[in-house]
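# Descriptive structure summary
In case you want the letters, here they are:
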Amino acid sequence: GCQAPVIMAYLLVAEAKLPMDDDAERYASTAMSVVESLPDIVRPVLEDSRSWPFREAVARYERTAQAAIEAQQTFPALLGGARGAVSLEFV
């Protein structure tokens, strides 16, 4: 079968889940497992194809993962210190 759409879908879901779910890495790992299971003759077609921007998808996932890590480190300080406590007053 054609695995490229499946791989791209897993990477897209993984990227979308990064900022909010802990299971994003599971989806990315599944995508990479599918890539590793491809026959050696097919893998270069996926990696070098203009039809399936696999390398770009992996790079974008990695950039988004790095941004999510930075946000997790930065936001608590913005929200009231190391504990991330914010006082809120309803009027």
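The structure contained in this document is the topic of the report that follows. (Residues numbered from 1 in each chain as written. Predicted model: local features only at pLDDT ≥ 70, side-chain atom pairs only at ≥ 80, totals over all residues. Heavy atoms only, no water.)

Before going further, it helps to examine the overall build of the chain. Looking only at helices and strands, the chain has four helices and zero strands in total. Secondary structure elements in the chain, listed N-terminal to C-terminal, are α-α-α-α. Counting all 91 residues of the chain, 24% fall into the buried class. Long-range contacts, defined here as pairs at least 24 residues apart, represent 53% of the contacts in the chain between residues at least 6 apart. When the accessible surface of the chain is split by element, carbon and sulfur atoms take 58% of a total near 6,800 Å². (Helix = DSSP H or I, 4+ residues; strand = E, 2+ residues; numbered from the N terminus. Buried < 20%, exposed > 50% of the residue type's maximum accessible area, 1.4 Å probe, protein only. Contact = heavy atoms within 4.5 Å. Areas by Shrake-Rupley, 256 points an atom, 1.4 Å probe, with all protein chains shown as cover.)

What the rule picks out here adds up to six salt bridges. A salt bridge links Arg 60 to Glu 15; its shortest N-O distance comes to 2.5 Å. With Arg 60 in helix α4 (residues 54-78) and Glu 15 in helix α1 (residues 4-17), the pair connects residues that are 45 residues apart, well separated along the chain. For Arg 60, a relative accessible area of 47% puts it in the partly exposed group. Where Arg 55 meets Asp 48, a salt bridge forms, and the shortest distance between an N and an O atom there is 3.1 Å. We classify Asp 48 as exposed; its relative accessible area is 54%. (Salt bridge = Lys/Arg side-chain N within 4 Å of Asp/Glu carboxyl O.)

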